Each structure stands twice: as structure tokens, then as C-alpha cells.
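# Chain and residue survey
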Amino acid sequence: MSVSAIAVSGLVKDFGSGTRALDRLDLKVETGEVHGFLGPNGSGKTTTIRVLLGMLRADAGNVALLDGDPWRDSVELHRRLAYVPGEVNLWPNLTGGEVIDLLADLRGGLDSARREDLLERFQLDPTKKIRAYSKGNRQKVALVAAFASDVELYLLDEPTSGLDPLMEAVFQEVVQDLRTAGRSILLSSHILSEVEALCDRVTIIRSGRAAESGTFEELRHLTRTSVVVDTARPIESVTRWVGVHDAHVQDGHAEFSVDAGELNRVLERLVNLEVRSMTTSPPTLEELFMRHYGEDGSAHDRTSGPGVVATR
């Protein structure tokens, strides 16, 4: 039986009196998977990653990283993992190449051929001083240093911050390569399409606790499917159907969202109205995320309010 890359149970971390950043958090990343870690600012994502890195000591709970203790075994574990933060602070008088090599040496070295391949793919000039780099290029330095190292686990905290869409695509390609090679990745990101494209499983964190965890398919039940339909017969009655929300109807054209459990019954009723055309959109990860948080990032009770209709 393989050991999980990350196994966290009941993790508690307090800062001062009355400030609980992590409240009995459970998180598991299986070996060889890409695991999405979602939550707004202040939900506890970065605190969790700092505990995993051994930068903070847990106040309670169990934390295992590559079958070791991140606080007690941090030196050994850091040779087996790579970390990329969203805000990269590097030595301004060193060149990008020097920083890549320095960070790699701290982990025990890197693959020179892979280093050159990544420099080309990320279009990074390693001869320039760090102080001459844009934010995006500083981020590339950290990514190349991490991905050129032969490690078992990658902790990525908003890793594509500052990258343009072309470089985000390159990042996704590299992550797919790492998954194929059996590496484990914890990916914290606000780019929900990125998480949806890359991750095998997702954990949504709210107020320091895991609100939901599972595959994307398993979590689709939390949201509603969007429907756009044109019918030959009048469709105004759809506004009164069970499971239908936010319906907009005009001249035989309707747009609405449907609870997952009512979708088949709604489709059966639409057939009786002589459907001319229809498209359905499964819930996106953005909708899934917004069911847990309001637009201001506050906790949102998914059982009481209306669902989020996909933007078209």
C-alpha cells in the first residue's frame, strides 16, 4: 500500500488569542495526483502550506509529509520537495540562472538538460540580473528552479501569479508531464479554470476547515446545470417547475439553472414542449467555488440561497 504524499487530520493552528487560522483541517494528497486547494484569501491555504513546509508548528492534529514530520524532519524533507510561492522574493544582484542553480543545490542538484528545456519553454533569459526581471520573469525563475529538480512533491501556492496566458499554458503542460511521471502536486490557485484542467481531486477550504473534498465529478452535485432552450410550444410554465431557478423566458426561448436531482424530470417536460434547440452546461469549478462563498469571500450557505448561473 502506497503512502499518501500528504496526510493531514484535525490540524489546528492559532495565532494569538482568539485567532484560529486552521480549525481541525483534514487534507489528503495521494501519491501521483494533482490536488487542487481552493479558498479565498484568509481561508487558511497559505497557513496550511507553511505548516507542511515546517515554517509553522501545528498546535494540534496530525501532519505527515512524504511519511515524515514536516517540523521534525524538515531538512530531509526539503530535499524531496519543491515549493513555489505566489510572491517571489529573490537576490537582486544574482542572475536568474545563478538563483536557479542555488535553489537547486539546496535540494541536492538538478537535471541540466531539463533546466535548459524549461528555460526555453518558459522563454526566460537566465543571464539577466533578478533586479531587471518583471514579476512574471521572477515567477519563471522559481518555476524553472522547482521543475528542474528531481523531487517527489511540489507545493505550489498561486504559482502562475504574474504569468501571461501563453506561459500559463506552458505551466499546465509541465504539470501534466510531472503527473505522468508519477509526481505529487498540491496546487493552490485562484485561477479556477487552471485547477479544473489540471487537478485529479479538489479540496475547498472555508474558515480553516475542509468544506468539501473529492473529484470534480463528485463535487458537481453542489451546483446546478445551466440550460438554454428554444421550444415550439409556450414555455412560460418553466418558471414554476420544481428544481428550476433564475428562469428568463421570452418568445419560446428560456434560460435557467436546474438542481442536479431534478435535471432528468425537467428534460422530460421540455420534450413535451417540442424542443427546437437546447444546450446544457455542466457546473464549472467557479460555480462550485461560489456556492461556498459570496462575492465578497464570506461564507455562503449553499442550502439556502439561489445558485449561480453560468455566465454566457
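I will try to describe carefully the structure that is included in this document. Treat the numbers as computed from the prediction; the structure is a model and nothing was measured.

## Some details on the layout of surface pockets
- Approximately 570 Å³ is the volume found for the largest pocket.
- Lining the largest pocket are 22 residues, with Leu 53, Tyr 83, Pro 85, Leu 103 and Arg 107 positioned closest to its centre.
- Sorting the residues of the lining of the largest pocket by element identifies helix H1 (45-52), helix H2 (74-78), strand S5 (81-84) and helix H3 (96-107) as the ones contributing at least two each.
- Classifying every residue of the lining of the largest pocket by side-chain character gives 13 nonpolar, 4 polar and 5 charged.

## Regarding the pairing of strand S10 (residues 225-231)
- Where burial is concerned, most of S10 is hidden: 6 out of the 7 residues are buried.
- For S10 and strand S12 (residues 253-258), the ladder comprises 6 bridges, and the chain directions are antiparallel. Residue Val 227 lies in a different strand from S12, and its bridge partner there is Phe 256.
- Two strands pair when backbone bridges link them, and S10 and strand S13 (residues 275-281) are joined in this way by 6 bridges, in the antiparallel orientation. Directly across from Asp 230, in S13, lies its bridge partner Ser 277.

## A few points about the packing of helix H4 (residues 112-121) against helix H6 (residues 165-180)
- Here H4 crosses H6 at 150 degrees, and the two axes come no closer than 10 Å. Between H4 and H6, the crossing angle belongs to the class labelled roughly antiparallel. Residues Arg 114, Leu 118 and Arg 121 of H4 pack against Met 167, Val 170, Glu 173, Val 174, Asp 177 and Leu 178 of H6.
- Residue composition of the contact of H4 with H6, grouped by class: 5 nonpolar, no polar and 4 charged.

## Quick word on the pairing of strand S1 (residues 6-14)
- Note that S1 and strand S4 (residues 60-65) share 5 bridges and pair antiparallel. Counted as the bridge partner of Ile 6 is Leu 65 from S4.
- Where S1 lies against strand S2 (residues 20-29), 7 bridges are found, and the strand directions are antiparallel. Opposite Ile 6, over in S2, you have Val 29 as the bridge partner.
- Hairpin connection between S1 and S2: a loop of 5 residues separates the two successive antiparallel strands, and Gly 16 in this loop has a positive phi of roughly 70 degrees.

Reading the values: rules and limits
Residues numbered from 1 in each chain as written. Predicted model: local features only at pLDDT ≥ 70, side-chain atom pairs only at ≥ 80, totals over all residues. Heavy atoms only, no water. 1 Å grid on protein atoms, 1.4 Å probe; cavity = no way out; pocket = protein on both sides within 12 Å on 5 of 7 lines; lining within 4 Å. Points joined across faces, edges and corners; volume = space filled by probe spheres on them. Helix = DSSP H or I, 4+ residues; strand = E, 2+ residues; numbered from the N terminus. Nonpolar A, V, L, I, M, F, W, Y, C, P; charged D, E, K, R; others polar. Buried < 20%, exposed > 50% of the residue type's maximum accessible area, 1.4 Å probe, protein only. Pairing = 2+ DSSP bridges. Axes fitted to C-alpha atoms, helices over the stretch in contact; angles between N-to-C directions. Parallel < 35°, antiparallel > 145°, perpendicular 65-115°, else oblique. Contact = heavy atoms within 4.5 Å.

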